[in-house]
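# Fold and geometry: a report
Letter by letter, the chains look like this.
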Amino acid sequence: MTKAAKGQKRMLLLMINMFIAMLGIGLIIPVLPDFLREFGAGGKTAGYLVAAFGITQFIFSPVAGELSDKYGRKRMIVSGLLLFTISNLIFAAAGQIWLLYVSRLIMGMGAAAMIPAMLAYVADITTEEKRGKGLGLLGASMSLGFAIGPGIGGFLAEFGLRAPFYVSAAVGVLATIGSLLFVPESLSAEAQLASRQANVKREHIFKQFGKSFKSSYFILLLLIFSLTFGLANFEAIFPLFVDQKHHYTPMDISIIFTVGALAGTIIQAVFIGSLINRFGERALINWTFLLSAIALVLMLLSGNFAYVLALTVLFFALTSIMRPAINTLLSKSAGEEQGFVAGMNNAYMSLGNIFGPAIAGTLFDIHINAPYALGAIILIASLYLSMTWGRKAKPSIALAK
């Protein structure tokens, strides 16, 4: 098998793993309003459940990024899938609301173990010129899992609100076994040994954040946070928003999320490489921040199903362009710190997953439109930061393609 063929096989296996992980997350979306009603919970609980995921993702991401440098990407990916499986089993069997929080905390640990390792894996097996395409394919598998998840969740809910989580756990078991048997390690044994033998004491997470503040790519990490804040804000509240404001059914919610996420998948799988090569990462970042903010504001104006569907497709499409554009520019700026930067990328993403849904859930109980108004403000502020940094950045980074 040629080197190119081996790279394609590895990329396919990585995409399957990401797809399965996101499938489990997407399953909950259409059943969330009815599921929370079983516990007498509302918007605040919905936001806090998503935030719980982000808390452990935040705590463990920098550690996981370092561990993937020392012990390889495969171990972390397998561990992440196993934790995802356990999380879904607990959620499915939960009879008290505190068990739902335990489930989400474990799932955050799984994401912390898996996502930085996957990002670093892509950097290991691609050249700098093809890295944007590789990250786009990984993002496409993420979007596809998230797209199909709500559709399957809505269908399986006909057999009971807990059925989607049992199915997700079963698929997670298969993915864990498959990864253990068939996913090859991308980081050489020599590189792992050198990382373990390096006489560098691991810094406390807040020191690592301090290091990231002083880096040339800090603003890119901040944009990862704001993108995740806006996306988590949208996703955490959307089912409750359309359920209470427009009386949408679980099937309506499934259709909207499935179509929207599929649009994002197609863009990342087919168009993201050419979009980055033609327009450059920075232009794509700026335009998608602006247009996604506008989409959030427009979401407040009408409850017509076709209108909401179109805006959701637009929003998912824009964020599907934005994330790989930021990740590509960040990876190019990382140099030899791919593991560290991948870990910090996930840590900033987890902060968005903490504050976005927690604040959105709280605001939702105050006023139903408030979460999306705040999300739009955050995205516009991010556009300003991106444009300001673009004028100050070094030419080699600012002109990166």
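Residues numbered from 1 in each chain as written. Predicted model: local features only at pLDDT ≥ 70, side-chain atom pairs only at ≥ 80, totals over all residues. Heavy atoms only, no water.

Right, let's get into the packing of helix H3 (residues 43-71) against helix H5 (residues 97-125). Where H3 meets H5, the closest approach of the two axes is 6 Å, and the angle between their N-to-C directions is 35°. Relative to H5, H3 is oriented so that their crossing is right-handed. Grouping the amino acids of the contact of H3 with H5 by side-chain chemistry returns 19 nonpolar, seven polar and one charged. (Axes fitted to C-alpha atoms, helices over the stretch in contact; angles between N-to-C directions. Helix = DSSP H or I, 4+ residues; strand = E, 2+ residues; numbered from the N terminus. Left-handed = near helix turned anticlockwise from the far one by under 90°. Nonpolar A, V, L, I, M, F, W, Y, C, P; charged D, E, K, R; others polar.)

As a further point, take the packing of helix H11 (residues 250-279) against helix H12 (residues 281-298). As a packed pair, H11 and H12 sit with axes 6 Å apart at the nearest point and diverge in direction by 105°. The angle between H11 and H12 places the two elements in the roughly perpendicular class. Across the interface between the two elements, Leu275, Ile276 and Phe279 from H11 touch Glu281, Ala283 and Leu284 from H12. (Parallel < 35°, antiparallel > 145°, perpendicular 65-115°, else oblique. Contact = heavy atoms within 4.5 Å.)

Here we take up the pattern of salt bridges. Pairing between side chains of opposite charge can happen when their charged atoms approach one another. By the definition in use, this model includes three salt bridges. As a salt-bridge pair, Asp243 and Arg37 come within 3.2 Å of each other at their nearest N and O atoms. Taken as a pair, Asp243 in helix H10 (residues 218-246) and Arg37 in helix H2 (residues 32-38) lie far apart in primary sequence, 206 residues in all. Between Arg73 and Asp69 there is a salt bridge, with the nearest N and O atoms lying 2.7 Å from each other. (Salt bridge = Lys/Arg side-chain N within 4 Å of Asp/Glu carboxyl O.)

What follows is about a nonpolar patch on the surface. Residues Val173, Ile177, Leu180, Leu181 and Phe182 make up a contiguous nonpolar surface patch of roughly 510 Å² in combined accessible area. Position of Leu181 among the secondary structure elements: in helix H7 (residues 163-182). Classification of Leu181 by relative accessible area gives exposed; the value is 59%. (Patch = residues over 30% accessible without salt bridge, like charges linked within 9 Å, V, L, I, M, F, W, Y side chains within 5 Å. Areas by Shrake-Rupley, 256 points an atom, 1.4 Å probe, with all protein chains shown as cover. Buried < 20%, exposed > 50% of the residue type's maximum accessible area, 1.4 Å probe, protein only.)

Our focus in this paragraph is the nonpolar core. In this structure, Phe234 and Phe238 are the most contacted members of the largest nonpolar core, which totals 101 residues. Here the element with the most residues in this core is H10; it accounts for 13 residues. Counting contributing residues, this core receives three or more from each of domain 1 (1-195) and domain 2 (211-389). (Core = buried A, V, L, I, M, F, W, Y, C linked by side-chain atoms within 4.5 Å. Domains from an automatic or database assignment.)

Bringing the packing of aromatic side chains into the picture now. Counting across every chain of the model gives nine aromatic pairs. Judged by centre distance (5.9 Å) and plane angle (80°), the ring pair of Phe234 and Phe316 falls under edge-to-face. With Phe234 in helix H10 and Phe316 in helix H13 (residues 305-334), the pair connects residues that are 82 residues apart, well separated along the chain. Of the two residues, Phe234 and Phe316, both sit in the buried class. Here the aromatic rings of Phe234 and Tyr372 are separated by 5.5 Å at their centres, their planes lie at 20°, and the arrangement is stacked. Here Phe234, found in helix H10, pairs with Tyr372, found in helix H15 (residues 370-392); they are 138 residues apart in sequence, far enough to count as distant. Like Phe234, the residue Tyr372 is buried in the burial classification. Each residue in the set Phe234, Phe238, Phe241, Phe315, Phe316 and Tyr372 is aromatic and connected to the rest through ring pairs, giving one cluster. (Phe/Tyr/Trp six-rings, centres within 6.5 Å; stacked < 30°, edge-to-face > 60°.)

Moving on, we get to unusual backbone geometry. For residues other than glycine, phi is negative in most cases, and the peptide bonds are mostly trans. Positive phi is not limited to glycine here, since His247 has a value of about 60°. Relative to the helices and strands, His247 is located in the loop between H10 and H11.

All right, on to the side chain of Thr85 then. Note on placement: Thr85 falls in helix H4 (residues 73-93). In this structure Thr85 comes out as buried when scored by relative accessible area, which is 5%. Of note is the side chain of Thr85, whose polar atom sits 3.0 Å from the backbone oxygen of Leu81. Ignoring any residue separated from it by four or fewer positions in sequence, one finds Thr85 in contact with Ala169, Gly172, Val173 and Thr176. (Polar contact = N/O pair within 3.5 Å; in protein donor to acceptor, adjacent residues only side chain to side chain.)

Take the confidence of the model for the chain next. The predicted model of the chain averages 81 in pLDDT, with 90% of residues at 70 or higher. Contacts of residues 395-401 to residues separated by more than four positions or lying in other chains number 18 contacts, the stretch itself having pLDDT below 50. (pLDDT = per-residue confidence, 0-100.)

This part takes up the environment of Leu187. Counting through the fold element by element, Leu187 comes out in the loop between H7 and helix H8 (189-197). Since its relative accessible area comes to 15%, Leu187 is described here as buried. For Leu187 and Asp124, which are 63 residues apart along the polypeptide, the C-alpha to C-alpha distance reads 6.8 Å. Contacts of Leu187, omitting those with residues within four sequence positions, involve Ser68, Asp69, Arg73, Asp124 and Gln192.

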